[in-house]
Amino acid sequence: MTTILVLNGPNLNLLGQREPGQYGSRTLEDIVSDMREFAAACGLQLEHVQSNSEGALVDAVHEAGRQGVGYIILNPAGYTHTSIALRDALLAVEIPFIEVHLSAVSAREPFRQVSYFADIALGVISGFRGEGYLLALQAIINRIDPERE
Ligand code: DQA
């Protein structure tokens, strides 16, 4: 059974109350619960890690490598624009991943338009609020079983 790790960076634990105009009104628990339901219906195992700490995110990527995780759905949040360490961890484990952003980062401040992940991701989904995570999951399902596409 393929395992998918959903990895969320800093401040995403505050979804629902944090800048709802940018990030929507759904909580992280709401979003992950929808993903779990979708994954289970497709026979996939879903793990979720959220951390506000860069080192913990790097450790989660290393652990995913050890556990044989098939794909990662990653919202590095603020670390998108800064973290060479997290980028290097993803390159080290060679797990294919999709970068997700709730907000439309390309329509925001210039510093948000720089991503340390986009060029090594399978693809980037941005601007669809919580639905973006489900779109990423659908894209992975399509890759695992192209018959479904
Ligand atoms: C974000 C966009 C980042 O620029 C920001 O720092 C976040 C969330 C998003 O999902 O839109 O924390 O990754």
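My aim in this report is to walk through the structure given alongside it, one point at a time. Only a predicted model underlies this, so the values are computations on that prediction, with no experimental measurement involved. (Residues numbered from 1 in each chain as written. Predicted model: local features only at pLDDT ≥ 70, side-chain atom pairs only at ≥ 80, totals over all residues. Heavy atoms only, no water.)

## Some words on the site of the ligand
Alright, step 1. Neighbouring residues of the ligand: Arg18, Tyr23, Asn75, Ala77, Gly78, His81, His101, Leu102, Ser103, Val105 and Arg112.
Alright, step 2. Between the ligand and His101, the relevant distance is 2.8 Å, taken from an oxygen atom to a side-chain nitrogen or oxygen of the residue.
Alright, step 3. A distance of 2.8 Å separates an oxygen atom of the ligand from a polar atom in the side chain of Arg112.
Alright, step 4. Here the ligand loses 97% of its free accessible area of 320 Å² to cover by the protein chains.
Alright, step 5. Residue classes in the shell around the ligand are distributed as four nonpolar, five polar and two charged. (Near = heavy atom within 4 Å. Polar contact = N/O pair within 3.5 Å; in protein donor to acceptor, adjacent residues only side chain to side chain. Areas by Shrake-Rupley, 256 points an atom, 1.4 Å probe, with all protein chains shown as cover. Nonpolar A, V, L, I, M, F, W, Y, C, P; charged D, E, K, R; others polar.)

## What about the packing of aromatic side chains?
Alright, step 1. Summed over the entire model, instances satisfying the criterion amount to one aromatic pair.
Alright, step 2. Ring centres 6.5 Å apart and planes at 85° place the aromatic pair Phe97 and Phe117 in the edge-to-face group. One end of the pair, Phe97, is in strand E4 (residues 97-101); the other, Phe117, is in the loop between E4 and strand E5 (123-126), with 20 residues separating them in the sequence. Each of the two residues, Phe97 as well as Phe117, counts as buried. (Phe/Tyr/Trp six-rings, centres within 6.5 Å; stacked < 30°, edge-to-face > 60°. Helix = DSSP H or I, 4+ residues; strand = E, 2+ residues; numbered from the N terminus. Buried < 20%, exposed > 50% of the residue type's maximum accessible area, 1.4 Å probe, protein only.)

## Some details on helix H2 (residues 28-41)
Alright, step 1. Here H2 is 14 residues long and its end C-alpha atoms lie 20 Å apart, about the 20 Å a rise of 1.5 Å per residue gives.
Alright, step 2. Buried within H2 are the following residues: Leu28, Ile31, Val32, Met35 and Ala39. One face of H2 carries all of its buried residues, which in axial projection span an arc of 90°. Summarising the geometry of H2, the exposed residues directed more than 90 degrees from the buried face are Glu29, Glu37, Ala40 and Ala41.
Alright, step 3. On the buried face of H2, the contacting elements are strand E1 (3-8), strand E2 (45-50), strand E3 (71-75) and helix H5 (131-144).
Alright, step 4. Looking one or two residues past H2, Gly43 carries a phi angle of roughly 75°, positive in sign. (Expected span 1.5 Å × (residues − 1). Arc of directions from axis to C-beta. Contact = heavy atoms within 4.5 Å.)

Note that every value here comes from positions in space, so none of it alone points to a role or purpose.
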